[in-house]
Amino acid sequence: MAFDAFVLGAVATEIEEKLIKPGAAISKIYQLNPTDLLLFFKGTKQKGPLFLSIHAQKGRINLTERRYAHPASPPAFCMLLRKHLINGIIVSLEQPPLERVLYLNFSVINENGKEVQKTLAAEIMGRHSNIILLNNPDTEGKQTILGAIKPVPPSINRFRTLMPHHTYFPPPVQEKLHPFALNYESFRQELRMSEGKPAGRFLLENIQGLSPLLAQEIAVRANKPLLENLTEDSTRLLWARMQGIFQIYGEKKWAPVLLLDDLGHPLDYTVINPAETAAKYKRGYSSISELLDDYYDYRERAEAKERLYSLLSRQVEQSLKKCRSKEKKQLLELEKSKEADYYRKCGELILTNLKHIPPKANEIYPVDIYSGQDEKIKIELDPRISPSQNAQRYFKKYRKARQGEKKISGTLEGTQNEIAYLESVLYFMDKNNLQALLEIKEELEEAGYLPPKNKPYPREKTVSFNPIIITASSGEEIYIGRNNRQNAYLVGHFASKTDLWLHVKDMPGAHVIVKAANPHADLIKEAALLAAHFSRGAHSSNVPVDYTIVKYIQRIPGAKPGMVTYKNYRTIYVTPDEKILYSLLKQHRQ
């Protein structure tokens, strides 16, 4: 991905058409964060603002239709822009040939009532990007810096200081061959010295104004991936293809194209129509700004999803680890509590053999009359107390163990339910988009796994109910929950008592509801295939899927969302069939 000079040229063309020709004036200015600005205009049909960003990886300029949250208090640079540019009319722009710098010139009325020029210089150059406000040019054409969104003092760069009251100097020119000042003979000589290199790499390293994608495109068009066995014809062809690309820039014949992977996700973009790319698909646009909106909207959502997924998975994994450790301890305690019968038996055998126990005995070996095999059993005694007191001591241990067993069994069940819930959360996190992850985050906040947001007032809990809806081959609708909250809503509020409910046995997965009172066998099988597909058993064979009607489903009291018990069910075993699933998933409505 590269916001190169070609893309900037296409954006400049749109700004000329939509802002400069109508004589648009700035009405509002917002600084969204340390890197991004929004300039709103009046006197034009263009509704959306001009977006400028100096982000190191996502720096760009484009007219945008996206909505952004405006900060409550403007930073100092934003106040400076408002002071000098509000009501200023954008009169011209300039892009130095093949540079990623755009100068926006505004006609403004200064404090003395005179019309002067103020310039906003946008330098989109990766981590060196900046936005600088320049004063009216002096008699020599030089402009003084009024301020920069990212000030650069002499201590950081003594050759190019970007601070108020300093003279502005453009970014240094790259030490490459400028294609508009290059002739064929010089190009041929440079080419000969680089023989053996990949053609795309040679062009990228030596010719100004080319991004990696454009350099590779020239090599593809010339059918010369490697600079070897160079002939006059192949050299002239590479030259001609390069000239053809730069002719697009000179004539401003832009063809914005978004490059997509095999899933339709954006990979890259350009303003020429590429002959061949690593992308499987491409989508043309009439507006480069619209393309940039779509590309960066997808990218920012993907990054936000990745960050949120990382946060949630880390928290859920930690909670799951704690629960599993707790379960292990509870199982050990439960095993220990099962010695209750042994304690009772010891007490009763002591009482049975009271007459045969000598005083201050440490242990006895009575016959175990309860085993049915007349075997002797060892019973340890406390010599400091009488045999009957030892018997009472064992009965006390028995009662304590019995009470502990009941208590541990209850807490163990709660722990295992919590483990099942957290495993289901992890499953749904793997399968969902950003919106569904935000719902899962809210669910975890409500459940206490994440600290809740500081909300000024309590609000009613809402569930974004947008289940997956699939039409069965016989026409019935099948509803599938996207997360635990939707699962709970699907069963507790949406489904009728006579609807069919399905879920994989003993595995995390979606709740599936079939809107049919008397489902036939084929419909049950299709719904079971979907239940298996939307579960952790998606890639397994003979997946057990339980099904029953909704009236036999009961939410576990005090349990997390989506945790239920059920009765009067049947089990069907299915192996996810790609052909059947493909035909069903094609009927996906949401």
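Residues numbered from 1 in each chain as written. Predicted model: local features only at pLDDT ≥ 70, side-chain atom pairs only at ≥ 80, totals over all residues. Heavy atoms only, no water.

Peer 1: Where do I start with the pattern of salt bridges in this structure?
Peer 2: Two side chains that carry opposite charge are able to pair once their charged atoms sit near each other. Applying the stated rule across the entire model yields 26 salt bridges. Taking the shortest distance from any N to any O, the salt bridge between arginine 236 and glutamate 232 comes out at 3.0 Å. Taken together, the residues arginine 236 and glutamate 232, both in helix 6 (residues 232-251) and four residues apart, mark about one turn of the helix. Judged by relative accessible area, arginine 236 falls into the partly exposed class, the value being 44%. (Salt bridge = Lys/Arg side-chain N within 4 Å of Asp/Glu carboxyl O. Helix = DSSP H or I, 4+ residues; strand = E, 2+ residues; numbered from the N terminus. Buried < 20%, exposed > 50% of the residue type's maximum accessible area, 1.4 Å probe, protein only.)

Peer 1: Would you mind showing me how to read the packing of aromatic side chains here?
Peer 2: When we look at a pair of aromatic rings, we describe it by the centre distance and by the angle of the planes. Enumeration according to the criterion identifies 21 aromatic pairs in this entry. Relative to phenylalanine 246, the ring of phenylalanine 180 lies with its centre 6.1 Å away and its plane at 80 degrees, an arrangement referred to as edge-to-face. Separated by 66 residues along the polypeptide, phenylalanine 180 in the loop between strand 9 (145-148) and helix 3 (184-193) and phenylalanine 246 in helix 6 bring together distant segments of the chain. Judged by its relative accessible area of 47%, phenylalanine 180 falls in the partly exposed class. Overall, phenylalanine 246 belongs to the buried group, its relative accessible area being 3%. Seen in terms of ring centroids, tyrosine 566 and tyrosine 569 are 5.0 Å apart; in terms of plane orientation they differ by 75 degrees. Their pairing is edge-to-face. Within the aromatic cluster, the residues linked to one another by ring pairs are Phe6, Phe180, Phe246, Tyr249 and Trp254. Positioned above the aromatic ring of tyrosine 394, the side-chain terminus of arginine 393 is 5.1 Å from the ring centre. Residue placement shows lysine 515 over the ring face of phenylalanine 494; its charged tip is 4.9 Å from the ring centre. (Phe/Tyr/Trp six-rings, centres within 6.5 Å; stacked < 30°, edge-to-face > 60°. Lys NZ or Arg CZ within 6 Å of the ring centre and 35° of its normal.)

Peer 1: I keep staring at unusual backbone geometry and nothing clicks. Help me out?
Peer 2: Negative phi values dominate among residues other than glycine, just as trans dominates among peptide bonds. Residues other than glycine seldom take positive phi values, yet asparagine 229 does so here, at roughly 50 degrees. Structurally, the position occupied by asparagine 229 is in the loop between helix 5 (212-221) and helix 6. Despite not being glycine, asparagine 568 has its phi angle at roughly 50 degrees, a positive value. Residue position: asparagine 568 is located in the loop between strand 21 (564-566) and strand 22 (570-574).

Peer 1: Please explain the packing of helix 3 against helix 4 (residues 199-206) as it appears in this structure.
Peer 2: Working note: a packed helix pair is described by the angle between its axes plus the distance between those axes. In the contact formed by helix 3 and helix 4, the axes pass within 11 Å of each other and the chain directions differ by 120 degrees. Taken together, the axis directions place helix 3 and helix 4 in an arrangement best described as oblique. Helix 4 is crossed by helix 3, and the crossing has right-handed handedness. In contact with Phe187, Glu190 and Leu191 of helix 3, helix 4 contributes Phe202, Leu203 and Asn206. (Axes fitted to C-alpha atoms, helices over the stretch in contact; angles between N-to-C directions. Parallel < 35°, antiparallel > 145°, perpendicular 65-115°, else oblique. Left-handed = near helix turned anticlockwise from the far one by under 90°. Contact = heavy atoms within 4.5 Å.)

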